[in-house]
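Summary of the model geometry
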Amino acid sequence: MNELEPNKIPMILGTQYFFALLREDEETKHAVAQQVDELSKSDVFDFINYICVNIVQMFQGICEENPEIKDLMASAYQDYRKQGEPIA
């Protein structure tokens, strides 16, 4: 079996963790977390980036498929802005 390119490892782990979150798969989340613990600081940031990218793409897809959800999210965003709540 070919070795993975080191720069692909954070991407693969980020994607595995994202889908484990969706499935509520505690075993996979734990296994990925152990592997992330061994990554360099730079690779950990890449891992986090891939999780964020997957979440953003998921929400974009949901909004494209259902305009009501897009409107609801826009409304919630505006409500938070009016209240001065941080959006993070």
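Anyway, here's the lowdown on the structure attached to this text. Per chain, the residues get numbers from 1 upward, laid out in the order the sequence is written. Side-chain atom pairs in this predicted model are given and counted only at pLDDT of 80 or more, local residue features only at pLDDT of at least 70, and totals for whole chains, interfaces and linings cover all residues. Side-chain figures throughout are based on the complete set of non-hydrogen atoms in the structure, without hydrogens or water.

Although it is not a glycine, E24 adopts a positive phi angle of roughly 55°. Counting through the fold element by element, E24 comes out in the loop between α1 (9-23) and α2 (26-36). Numbering of helices and strands starts at the N terminus; helices are DSSP runs of H or I of at least 4 residues and strands are runs of E of at least 2.

What follows covers the packing of α1 against α2. As a rule, the C-alpha atoms of each element are fitted with a line to give its axis, helices using only the stretch in contact, and angles between N-to-C directions run from 0 to 180 degrees. In the contact formed by α1 and α2, the axes pass within 9 Å of each other and the chain directions differ by 155°. Considered as vectors, α1 and α2 are oriented roughly antiparallel to each other. Like other packed secondary-structure pairs, α1 and α2 cross with a definite hand, here left-handed. Contacts between α1 and α2 involve L13, Q16, Y17, A20, L21 and R23 from the first element and T28, K29, V32, Q35 and V36 from the second. Geometric relationships in this document are graded by angle, where less than 35 degrees denotes roughly parallel, more than 145 denotes roughly antiparallel, 65 to 115 denotes roughly perpendicular, and other angles denote oblique. In this scheme, a crossing is called left-handed if the near helix is turned counterclockwise away from the far one by less than a right angle; it is called right-handed if the turn is clockwise. A contact between two residues is defined here by any heavy atoms of the two lying within 4.5 Å.

Within this document, salt bridges are pairs made up of a side-chain nitrogen of Lys or Arg and a carboxyl oxygen of Asp or Glu, the two lying within 4 Å of each other. The tally for this structure, following the rule as stated, stands at two salt bridges. Among the ionic pairs, D25 bridges to R23, the shortest N-O distance being 3.2 Å. For R23, a relative accessible area of 51% corresponds to the exposed category. Between E26 and K29 there is a salt bridge; the shortest N-O distance is 2.9 Å. Burial classification: accessible surface area is computed with a 1.4 Å probe over protein chains only, and a residue below 20% of its type maximum counts as buried, one above 50% as exposed, and the rest as partly exposed.

What is shown is where atoms sit, not what they do.
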